[in-house]
Amino acid sequence: MTPSGSTAAPSPRALTLAITSRCALRCRHCLVESGPGAGPGDVPLARCLAVVRELAALGGEEIWLTGGEPMLHAAWGEILAHCGPQRFRTVGLQTSGHLLGEDQVATLRDLSLEGLRVEVSLDGASQRSHDLVRGPGTFRRALDGIHRMARAGMAGRVVVAFTEMRHNLAELPQLLDLADGLGLQGVRSSTLLRGGRAAGGGQVEPPAPEQVQALLARYHGDGAFRALYDELGRAPAIEWWKGRGHRGGEGCLPGERPYLAADGTLYPCALSRAAETAVEGALEGPLSASLAVARGRWGALRARCAGLASPPAACRACPARSSCAGGCPARSGADGGSPLGPEDRCDLRRAVHGWEGPDGVAAAPSRSPFADPPGGFPC
Ligand code: SF4
Ligand code: SF4
């Protein structure tokens, strides 16, 4: 059994730490249903700092501060500064960009954190698409924040986080142009998950199968887009197509990148919300103690992701099974289904699997720093 095939939960390589449950926005697709007065509020500073140190002692290489909106936490800068001496490879901040004013950008610059990465959410390349999801004026503010980062010499620290939806998927090429023009690190796409505030559908929906096929056709037919994508992008459908010759299950394993919510619940990853994988009270004691409890609860998920367990029954006759292998179990459980069932994007995966593109276009591996390994589960 390879190390990645082990079903024992490992020490985390990365931790996503929600330092507050609050947010200034109330987005239509928010998985954690954040908003101005949401949840328990801010995680006490001392606890945040302790978690940072514990992660480093466990050998963690990455830490991501999230929320809610992490920049609403009065001590967000202090927490980031505390990450510096721990020698993480990546110290990330996931933000809506709503609060990226001159002072905040100066704080980020003055931290001089070598591994700093600031993920700013843009749900489209137009005000219309973004504001539909996040509220009036939010596109302008996020874009202003990105421009401030660029003027401060930190464009290369910025990644655009793009949630692909039916109304905005066609804007991915413009987002890549934006990233290229400003010298940003790239655009990391993920597919809308019908969970949290998006559970009921409504105005935000995941992309349709014909849209992802249109994206593949563009990737193959438009050399300039393809070159830019390979340099700066990471979109699930294109990565699935590139990895179609690989067996699924070569990507992340539950527990390698756990998520610690502001209410102290530990999950195997940031998309996972299934009650059976949750470990409560993780802010009340050492992280290692919660991880020890988690080992027992995450084993079945890890076995599935490592290809050591049978795929869900619904997958056995699926034409996409050879490359999908049941998909991402965190997504399976986040929309109210079983984490051991098929994931929520079967229609998209089958559309990609069945797409017959033109011959003669060799797919280059993505060079973006956040590309997944072939056969992974881009989420
Ligand atoms: S900015 Fe992020 S945390 Fe805040 S409501 Fe929107 S999706 Fe949720
Ligand atoms: S597309 Fe759906 S049914 Fe097919 S293998 Fe993937 S998760 Fe299973």
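Please refer to the structure placed before this passage.
Everything numeric in this text was worked out from a predicted model, so none of it was measured. Each chain carries its own residue numbering, running from 1 in the written order of its sequence. Each chain gets a letter, beginning with A, and each ligand a number, beginning with 1, in the order they are written. This being a predicted model, a pLDDT of at least 70 is required before a residue's local features are given, and a value of 80 or more before pairs of side-chain atoms are given or counted; all residues contribute to the totals for chains, interfaces and linings. With hydrogens and water excluded, all non-hydrogen atoms of the structure serve as input to the side-chain values.

**Student:** Please explain helix 10 (residues 287–305) as it appears in this structure.
**Tutor:** Comment: elements are numbered from the N terminus, with helices defined as DSSP H or I runs of at least four residues and strands as E runs of at least two. To estimate the expected span of a helix, count its residues, drop one, and scale the result by 1.5 Å. Across its 19 residues, helix 10 extends only 24 Å between first and last C-alpha, which sits more than 12% below the 27 Å expected from 1.5 Å per residue. At Trp298, helix 10 shows its largest kink, close to 55 degrees. Between buried and exposed lies partly exposed: a residue is buried under 20% and exposed over 50% of the maximum accessible area for its type, with that area taken using a 1.4 Å probe on protein chains only. Along helix 10, the residues that are buried comprise Leu287, Ser290, Leu291, Ala294, Trp298, Gly299, Leu301, Arg302, Ala303, Arg304 and Cys305. Phi for Gly307, located one or two positions after helix 10, is positive at around 75 degrees. In this analysis the local bend is the angle between axes fitted, respectively, to the seven residues ending at and the seven residues starting at the residue.

**Student:** So what exactly am I meant to see when it comes to the state of the cysteines here?
**Tutor:** Covalent bonding between the sulfur atoms of two cysteines is what defines a disulfide. The term disulfide is used for any two cysteine sulfur atoms that are within 2.5 Å. Applying the stated criterion to the full structure yields zero disulfides. Sulfur of Cys83: no disulfide; nearest cysteine sulfur belongs to Cys48 and is 9.6 Å away. Given the relative accessible area of 1%, Cys83 is considered buried.

**Student:** Help me understand the pattern of salt bridges in this model?
**Tutor:** Where charged atoms of side chains with opposite charge meet at close range, the side chains can pair. When a carboxyl oxygen of Asp or Glu lies within 4 Å of a side-chain nitrogen of Lys or Arg, that pair is called a salt bridge. Enumeration over the complete set of coordinates arrives at 19 salt bridges. For Glu256, the salt bridge goes to Arg13, with nearest N and O atoms at 3.4 Å. One end of the pair, Glu256, is in the loop between helix 9 (236–242) and strand 8 (259–260); the other, Arg13, is in the segment before strand 1 (14–18), with 243 residues separating them in the sequence. Of the residues examined, Arg13 reaches a relative accessible area of 35% and is grouped as partly exposed. Taken together, the shared-partner salt bridges in this structure form one network comprising Glu61, Glu62, Arg89 and Arg257.

**Student:** Sorry, what's going on with the pairing of strand 3 (residues 90–95) here?
**Tutor:** The side chains of a regular strand alternate between the sheet's two faces. With respect to burial, strand 3 is a largely interior element, five of its six residues being buried. When strand 2 (residues 62–66) meets strand 3, the two strands line up parallel, connected through four bridges. Its bridge partner being in strand 3, Ile63 is matched across the sheet by Val91. Each parallel crossover has a hand, and the one from strand 2 via helix 2 (residues 76–83) to strand 3 is right-handed. Throughout, right-handed denotes a crossover for which the path from the first strand over the helix to the second runs clockwise when the strands point away from the viewer. What joins strand 3 to strand 4 (residues 116–121) is helix 3 (residues 102–111), and the crossover it makes is right-handed. By the convention used here, strands pair only if DSSP detects at least 2 bridges between them.

**Student:** For this particular structure, what's the right way to read the site of ligand 1?
**Tutor:** Distances are taken per atom, and a residue is near a molecule or strand as soon as one of its heavy atoms is within 4 Å of it. Around ligand 1, the structure places Cys23, Leu25, Arg26, Cys27, His29, Cys30, Ser34, Gly68, Ser96 and Arg134. In this classification, the charged set is Asp, Glu, Lys and Arg, the nonpolar set is Ala, Val, Leu, Ile, Met, Phe, Trp, Tyr, Cys and Pro, and all remaining amino acids, among them Gly, are polar. The residue makeup of the shell around ligand 1, split by class, is four nonpolar, four polar and two charged.

**Student:** Is there a simple way to explain the layout of surface pockets in this structure?
**Tutor:** The probe, sized like a water molecule, is rolled over the atoms to show the empty space still left. As defined here, a cavity is a set of points on a 1 Å grid over the protein atoms alone where a 1.4 Å probe fits but cannot get out. A pocket is an open set with protein on both sides within 12 Å along at least five of seven lines, and residues line them when an atom is within 4 Å of a point. Grid points are joined across faces, edges and corners, and a volume is the space filled by probe spheres set on the points. If you add up the space inside the second largest pocket, you get close to 260 Å³. Along its surface, the second largest pocket is lined by 20 residues, and Ser21, Val32, Tyr259, Ala261 and Asp263 are the ones closest to its centre. Across the lining of the second largest pocket, the residue classes tally to 10 nonpolar, seven polar and three charged.

**Student:** I keep staring at the side chain of Thr16 and nothing clicks. Help me out?
**Tutor:** In this fold, Thr16 is placed in strand 1. The buried category is assigned to Thr16, whose relative accessible area is 11%. Here, two residues are considered to be in contact whenever any of their heavy atoms come within 4.5 Å of each other. With residues near it in sequence (within four places) discarded, Thr16 still touches Trp64, Thr66, Gln94, Pro258, Tyr259 and Leu260.

**Student:** Quick question: what am I supposed to make of the environment of Phe88 here?
**Tutor:** Residue placement: Phe88 occurs in the loop between helix 2 and strand 3. Residue classification places Phe88 among the buried residues on the basis of a relative accessible area of 8%. Once you skip the residues sitting within four places of it in the chain, Phe88 turns out to touch Val52, Leu55, Ala56, Gly60, Glu61, Glu62, Ile63 and Cys83.

**Student:** Hey, could you run me through the pairing of strand 5 (residues 158–164) in this one?
**Tutor:** Judged by how many residues are buried, strand 5 sits mostly within the fold: seven of seven residues are covered. The alternating pattern of strand 5 places Val158, Val160, Phe162 and Glu164 on one face and Val159, Ala161 and Thr163 on the opposite face, and all of these are buried. In terms of strand pairing, strand 4 meets strand 5 through four bridges, oriented parallel. Along strand 5, the bridge assignment pairs Ser121 with Ala161. Of the crossover connections in this fold, the one passing from strand 5 over helix 6 (residues 172–182) to the parallel strand 6 (residues 186–191) is right-handed.

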